[in-house]
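These are the residues of each chain, in order.
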Amino acid sequence: MTLLRALPADAGAVARAEAVRDEFAGAEEEGRPVDQGRVRTALAAVEPYVTVGSGGMALVQGITALLGG
C-alpha cells in the first residue's frame, strides 16, 4: 500500500490493495481458503499502477501465480 500511496494511483487502487491484504489475513485468521476471485479482481485493479521493474509488480505476479493464474 505504501507504494500505491506514493504513486499517482487513485483511492480505488489503494482500497483494492487493502482488500487483498485483508482477504489473506481473514482467510488465515478464519482457517479458510483465500477467495481467489476476490483477490484476482483486486489485483487486476492494482496492477496498472505498479511499475514493471518494481518489487510491487513482482508481488502482484507472485500472488497471481500462487492462485494458479
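Residues numbered from 1 in each chain as written. Predicted model: local features only at pLDDT ≥ 70, side-chain atom pairs only at ≥ 80, totals over all residues. Heavy atoms only, no water.

Section: the packing of helix α2 (residues 11–30) against helix α3 (residues 36–46)
- Contact pair α2 / α3: the axes reach a minimum separation of 8 Å and the direction vectors enclose 150°. It follows that α2 is roughly antiparallel to α3 by the angle criterion. The handedness of the crossing between α2 and α3 is left-handed. On α3, the residues that touch Ala-13, Arg-16, Ala-17, Ala-19, Val-20, Glu-23 and Phe-24 of α2 are Arg-38, Val-39, Thr-41, Ala-42, Leu-43, Ala-45 and Val-46.
- Here the residues of the contact of α2 with α3 are counted per class, giving ten nonpolar, one polar and three charged. (Axes fitted to C-alpha atoms, helices over the stretch in contact; angles between N-to-C directions. Helix = DSSP H or I, 4+ residues; strand = E, 2+ residues; numbered from the N terminus. Parallel < 35°, antiparallel > 145°, perpendicular 65-115°, else oblique. Left-handed = near helix turned anticlockwise from the far one by under 90°. Contact = heavy atoms within 4.5 Å. Nonpolar A, V, L, I, M, F, W, Y, C, P; charged D, E, K, R; others polar.)

Structural notes on the pattern of salt bridges
- Going through the model one piece at a time under the given rule, you end up with four salt bridges.
- Notably, a salt bridge pairs Glu-23 with Arg-32, separated by 2.6 Å at the nearest N-O pair.
- The class of Glu-23 is buried, set by a relative accessible area of 3%.
- Classification of Arg-32 as partly exposed rests on a relative accessible area of 31%.
- Residue Arg-32 is joined to Glu-30 by a salt bridge in which the shortest nitrogen-to-oxygen separation is 2.6 Å.
- Its relative accessible area of 53% is what places Glu-30 among the exposed residues.
- It is possible to trace a salt-bridge network through shared partners that takes in Glu-23, Glu-30, Arg-32 and Arg-38. (Salt bridge = Lys/Arg side-chain N within 4 Å of Asp/Glu carboxyl O. Buried < 20%, exposed > 50% of the residue type's maximum accessible area, 1.4 Å probe, protein only.)

Structural notes on the environment of Ala-42
- As for its placement among the helices and strands, Ala-42 is situated in helix α3.
- Here the alpha-carbon distance between Ala-42 and Val-14, two residues 28 residues apart in the chain, equals 9.7 Å.
- Residues within four places of Ala-42 in sequence aside, it is in contact with Arg-16 and Val-20.

Some details on the environment of Leu-59
- Turning to its location among the elements, Leu-59 is positioned in helix α4 (residues 55–66).
- Among the residues examined, Leu-59 registers a relative accessible area of 54% and is labelled exposed.
- Considering only alpha carbons, one finds Leu-59 and Glu-47, twelve residues apart in sequence, at a separation of 10.0 Å.

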